[in-house]
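# Close look at the chain arrangement
Chain by chain, the residues run as shown.
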Amino acid sequence: PHAKRATSSATILSGADVRTGLDSAVLQQAVLDHLYYSLGRLPAVATPANYYRALALAIRDRLQQRWIRTSETYFERGRKLACYLSAEFLLGPHLGNNLLNLGLEQAAREALTALGQDLDAILDCEPEPGLGNGGLGRLAACYLDSLATLQYPAIGYGIRYEFGIFAQEIRDGWQTERTDKWLSGGNPWEIAKPDIAYEVKWGGHTERYIDDDGAERRRWVPYRVVRGIAYDTPIQGYGVDTCNTLRLWSAEAAESFDFQAFNTGDYFQAVDAKLRSETITKVLYPNDEPAIGKRLRLAQQYFFVTCSLQDMLRILDLAGGAIEQFAEHFAVQLNDTHPSIGVAELMRLLIDERGLDWDAAWTITVATFGYTNHTLLPEALETWPLPLFREVLPRHLEIIYEINRRFLDEVRACFPDDSARVARMSLIGEAGEKQVRMAHLACVGSHAINGVAALHSELLKASVLSDFHALWPERFSNKTNGVTPRRFLALANPGLRALLDETLGASWPVDLGRLRELESHIDDPAFRERWRAVKHANKQRLADYVQAHTGIVLDPDWLFDIQVKRIHEYKRQHLNLLHIVTLYQRLKTYPAFSFPPRAFLFGGKAAPGYFTAKRIIKLINAVAETINADPEVNGRLKVAFVPNFSVKNAQLIYPAADLSEQISTAGKEASGTGNMKFMLNGALTIGTLDGANVEMRDEVGAENFFLFGRTADEVARLQGEGYRPADYLAGDDELKAVMELIGSGHFSGGDSEVFRPLVENLTQSDPFLVLADYAAYVACQEGVSAAWADQEQWTRMSIINCARGGKFSSDRAIAEYAREIWGLQSVPIQV
Ligand code: 9GP
């Protein structure tokens, strides 16, 4: 019957454009059209997944006109293009976001309803393109959204991983990993452009030769060549016609067979070579794994960087631009050190392939690149063993040596007789096995270097990059991270969106400072009541999700205390656990002990090889199991681990939080962005003075933020003095009892071995000062409970947290990059 109805309206609308029409009847016709012509399905047999794909294709059609017009306009206007080079883009599902940005949600809902389908169920069918690990990749995705919304000419360049971040399953409390086959059902958003393809050389050696002008030059004779093929995804801005491109590269064998092997009859060797080439873009590396020896990761980095730079040269040639003007046409941002081989690669392309001399090429290179650092953790600053590097990229090693020779001359000229400084700053680390230091290459080859929150940028200048700061202070700046309010507020929190639209008008998603106007409603009890109702509904929505995925039942009247992020010792999920066990222990010891009931939720993935992090997940689940099954406490305490934290379920989680846990050891979290997503959705934060927490607290005021713990300076001092966790244990009976309970096997069916490594880690070395901050944390949590008891006041604080979140829009961050680093101007698009 639905099909019949649709066919008749399709007949009525036969004159409307099935590819561009925006009203619901045309959309309905377009969905049927794609079901039939693109999927070969009749509505009677179509599954929700088929409807998802048909609707996605219909929406992509509607983007197409904007997308092509955007590229055409950039080409005609010849303005500078920002190229965001990132090994990760953690995009999250596209359909809902594109509907939002195009203003088509209502029309799509009506169209699907007319077809007997529910839009929410259809949205849920989209697999997540999880092409990133966490904050860094998600930041790149937020920045693409803002670049398009602010109408900046920009392109994202990255890797089309066949398998994204692994899917996490919890078995017997432990994390297990499953490959993420996100492409198995096809990807309706991307368009393959096999004609946009570049050769990527690999291995071999270099040799000297004399060119036609009699000059001595060097060339690279590779061992192997693979091809990178472009796959383009549209990035539609919100409420504008700009539709930018995310171009991801996929590896292919340069020839589909090794013909020589084929002709000699060795078919399998020929196919094997093809498979090896294509392995390059197979899988995303989970972070927090040591990079050493990861030949494939170096291959991935070089692969996408050279394809991207070659693409820029092609665009420049097409536009008839002079090579000397490269830096006027492209601003290339290095998202962490992963693409920093670009510095040597651009030099190679300019010198070896375009014939420029060294000085001209170097001037262009430094003017082109900017480098964003995202971490102070020494183990995350990439280095490559020299022998590996030489084997894979022999020409680049020569170029890096020459960059280094000239650079160290400059260092010696500025700091005479300081050989220790020269050794510290060299691009080649000499301690132990020689290493190529990618962060140093990025600094030397970039005109701008930035951290991602004010504190982090200061710490960069004072610690890991202090020598570079001493040499080139003018290169350094801060660009505090931001998040897109479109996906993480408007899309994730429809209830709050409706309230904001009604209260502030519709422009707040592109003018987030307007949230401040909410403050004038704080004293209106009816407004507060509505605010609470929105939160309550979001908590119910999350509770339903948690029950469906874990069986754990949560009560939306309880305080929802949430920590979702990668599992890492520095993020201190175990500190959160120690607090939970403290409450549990108090309840067991003094049944009359009273506090407002709380549901503690955790989510996040551990790197597959990071055993301590995996044990923390096991402990969360073990504590959850014990507490949730104990009638003496489960009326006031519940704990749940939400499996497979992803952008998709994050959109349910942030809007449901009352309390956001941002409790990293001060000085370790570069910025954080989850903290901002919680804040914008009205959660209060309990946190340390770390990363962007510092600026969030400045915005909301000390009275609206639960602060605890040692500062970065105090942490450094304590560690410098020789920190002894045993001292804290000895001085705190409650903490001691908590550690003993965990060590005793109480949460592990009597098995006292399983958590011993964690207990020993904390009591003997405690590298992230969990025990040192424990007492302050527990006391601060008591303050949270007291504040929660006054719901009217809590609601005021919740409103203020949202109202003062405007600074943390990625639009603000991108406008700063555009103005202060890229020299970019917006180019309005008209369709
Ligand atoms: O750990 C940082 C996180 O604090 C920050 O918010 C994010 C985006 O800037 O980057 C993370 N860093 C990495 O993932 C690796 O350097």
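Quick caveat: nothing in here was measured; it's all calculated off a predicted structure.

## Regarding the domain arrangement of the chain
We note that the domain assignment places domain 1 (9-68), domain 2 (78-93 + 128-479) and domain 3 (485-814) within the chain. Between domain 2 and domain 3, the C-alpha centre-to-centre distance is 35 Å. With 42 residues of domain 2 at the interface, the matching set in domain 3 holds 47 residues. Taken together, both faces of the contact between domain 2 and domain 3 bury some 3600 Å²; the carbon and sulfur share is 61%. Counting across the domain 2 and domain 3 interface gives three salt bridges. Lys614 is paired through a salt bridge with Glu177; the nearest N and O atoms lie 2.7 Å apart. Scanning the region where domain 2 abuts domain 3 turns up 18 residue pairs in polar contact (both at pLDDT 80 or more). Elements supplying a minimum of two residues to the side of domain 2 that touches domain 3: helix H7 (135-149), strand S5 (167-171), strand S6 (174-178) and helix H18 (454-462). Among the elements that line the side of domain 2 that touches domain 3, the one with the most residues is H7, at nine residues. Residue composition of the side of domain 2 that touches domain 3, by class: 23 nonpolar, twelve polar and seven charged.

## A closer look at the environment of Ile235
Within the fold, Ile235 resides in strand S10 (residues 224-236). In this structure, the C-alpha to C-alpha distance between Ile235 and Leu63, residues 172 residues apart in sequence, is 8.8 Å. What Ile235 contacts, discounting residues up to four positions off in sequence, is Leu144, Asp145, Ala148, Thr242, Cys243, Asn244, Thr245 and Leu246.

## Things to note about the layout of surface pockets
A volume near 650 Å³ is recorded for the second largest pocket. Every residue lining the second largest pocket is counted, 28 residues in all, and those nearest its centre are Ser71, Glu72, Tyr74, Phe75 and Ile315. By residue number, the principal contributor to the lining of the second largest pocket is helix H3 (residues 48-77), which donates eight residues. A per-class count over the lining of the second largest pocket returns 15 nonpolar, seven polar and six charged.

Cut-offs applied
Residues numbered from 1 in each chain as written. Predicted model: local features only at pLDDT ≥ 70, side-chain atom pairs only at ≥ 80, totals over all residues. Heavy atoms only, no water. Domains from an automatic or database assignment. Contact = heavy atoms within 4.5 Å. Buried area = accessible area lost by both parts, 1.4 Å probe. Salt bridge = Lys/Arg side-chain N within 4 Å of Asp/Glu carboxyl O. Polar contact = N/O pair within 3.5 Å; in protein donor to acceptor, adjacent residues only side chain to side chain. Helix = DSSP H or I, 4+ residues; strand = E, 2+ residues; numbered from the N terminus. Nonpolar A, V, L, I, M, F, W, Y, C, P; charged D, E, K, R; others polar. 1 Å grid on protein atoms, 1.4 Å probe; cavity = no way out; pocket = protein on both sides within 12 Å on 5 of 7 lines; lining within 4 Å. Points joined across faces, edges and corners; volume = space filled by probe spheres on them.

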